[in-house]
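# Per-entry structural report
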Amino acid sequence: AQYDAQGNPTHTCHIARAFVAGKIRNQRYLTSRAARDSRDAVRAERLRKATNALGVLLESLPLQSDTDSVRGIEGQASAVYFNVFGEMITVPESEFAFRVRTRRPPRDRVNAILSFLYALLRTDCAAACEGVGLDPQFGFLHTLRSGRPSLALDLMEEFRPIIADRIALTLINRRQLRPSHFEERTDGGGSVMLTEEGRKSVLVAFQERKQEEVIHPLLKDKTPLGLLPHLQARLLARCLRGDLPDYLPFTISGA
C-alpha cells in the first residue's frame, strides 16, 4: 500500500501536505508562545510577524496541487521560522548566536545542538516506521535518495519544533549548555561540535522531554511525547491501507 500510494501523485501530494501542515502549526505554536513570553518589545513584534506569515503559508497549503509546490511552501515556512529562531534565544549572542540554519557541518553552537537532536529524532522515527511495517526509505515529502530514510524524515517534520527545537531552546536559555560544551574543529571546515559532556546533557534532556505527557488530539488521551512517532506511524499506516480517510499530523494543543 505504501509503494502504491507513492506511485499516485495525488495521494503523495495529499500526504505530503499533511506532514507540512503539522510542521507549520507546531512552528507557529513555538513562535507565538515566544512572542507572548518575550520581555523585549522588538523581539516580540518580530515573532508575531513570523507567526502571522506562517499562518498565511498554512492557509495556502491546501491550494497546492503537486508535491513540488508543497515542498516550496515548506521551504518558505522554514525560512520564516529560522529567520526568527534567534529571537527565541534569551542568553547573550556572544554565547549563542544564531543567524541561519547550517548543516553538514553545523557552523555554530546552536546549529550543532539542532543537528544532534534532529539525528536522535530521525532514529526514533525510522524505528517507528519499521515497527508498524512501513519502509522508512520510501517517503512522500522527501524525495527518494539512496541511503536516506525519506519516510522517517517525513514523519519527523511535525516533531522538529515541539521536541528538538524546544529542547534546544530550553537547554540554551536555562544555561544548561554553555560555550564550554562545544569545540570547533581544526580541519578548516569551520564546523562546531558538541563535546562528550555536551552530548550527554542533550541526551538526558531528550529522554526527559520524551517522558512528558501531552493530549493526543485524535486519541483524546494523555500520551508520552516519546510514543508519538509510533502512534503517528500507526495512523499513517492505517491511512495508507484505507482504514482512515486522511493522515492527521500531531499538533500541540493550541497550535
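Before going into details, it helps to say that this report is about the structure given with it. (Residues numbered from 1 in each chain as written. Predicted model: local features only at pLDDT ≥ 70, side-chain atom pairs only at ≥ 80, totals over all residues. Heavy atoms only, no water.)

Before going further, it helps to examine the overall build of the chain. Regarding its fold elements, the chain presents 9 helices and 4 strands. Reading the secondary structure of the chain in the N-to-C direction produces α-α-α-α-α-α-α-β-β-α-β-β-α. Computed over the C-alpha atoms, the radius of gyration of the chain is 18 Å, within 12% of the 18 Å expected from 2.2 N^0.38 for a compact globule of 255 residues. Along the first, second and third principal axes, the C-alpha set of the chain runs to 50 × 40 × 40 Å. The burial tally for the chain puts 51% of its 255 residues in the buried class. Considering only intrachain contacts with a sequence separation of at least 6, the fraction spanning at least 24 residues in the chain is 63%. (Helix = DSSP H or I, 4+ residues; strand = E, 2+ residues; numbered from the N terminus. Rg over C-alpha atoms; globule rule 2.2 N^0.38 Å. Buried < 20%, exposed > 50% of the residue type's maximum accessible area, 1.4 Å probe, protein only. Contact = heavy atoms within 4.5 Å.)

What follows covers helix H7 (residues 160-173). When the terminal C-alpha atoms of H7 are compared, their 18 Å separation across 14 residues agrees well with the 20 Å that a helix rising 1.5 Å per residue should span. At Arg166, H7 shows its maximal kink, close to 30°. When we look at burial in H7, the residues that qualify are Arg160, Pro161, Ile162, Ile163, Ala164, Asp165, Ile167, Ala168, Leu169, Leu171 and Ile172. Structurally, H7 contributes buried residues whose contacts are with helix H2 (9-37), helix H4 (67-83), helix H5 (109-131), helix H6 (150-156) and helix H8 (196-211). (Expected span 1.5 Å × (residues − 1). Bend = angle between axes of the 7 residues up to and from the residue.)

Glancing now at the packing of aromatic side chains. Taken as a whole, this structure holds 8 aromatic pairs when the rule is applied. Seen in terms of ring centroids, Tyr81 and Phe85 are 5.8 Å apart; in terms of plane orientation they differ by 65°. Their pairing is edge-to-face. On the accessibility criterion, Tyr81 (1% relative accessible area) is buried. Centre to centre, the rings of Phe82 and Phe98 are 6.0 Å apart; their planes meet at 35°, and the pair counts as tilted. With Phe82 in helix H4 and Phe98 in the loop between H4 and H5, the pair connects residues that are 16 residues apart, well separated along the chain. (Phe/Tyr/Trp six-rings, centres within 6.5 Å; stacked < 30°, edge-to-face > 60°.)

So, about the pattern of salt bridges. On inspection of all chains with the given rule, the structure shows 14 salt bridges. With a shortest N-O distance of 3.1 Å, Glu157 and Arg160 are connected by a salt bridge. Residue Glu157 shares its accessibility class with Arg160, and that shared class is buried. Salt-bridge contacts for Glu196 lead to Lys200; the nearest nitrogen and oxygen are separated by 3.8 Å. Taken as a pair, Glu196 and Lys200 lie in helix H8 at a separation of 4 residues, close to a single helical turn. Exposure remark for Glu196: the relative accessible area of 52% places this residue in the exposed category. Look at the salt bridges and you will find they share partners, linking Lys23, Glu74, Glu157 and Arg160 into a network. (Salt bridge = Lys/Arg side-chain N within 4 Å of Asp/Glu carboxyl O.)

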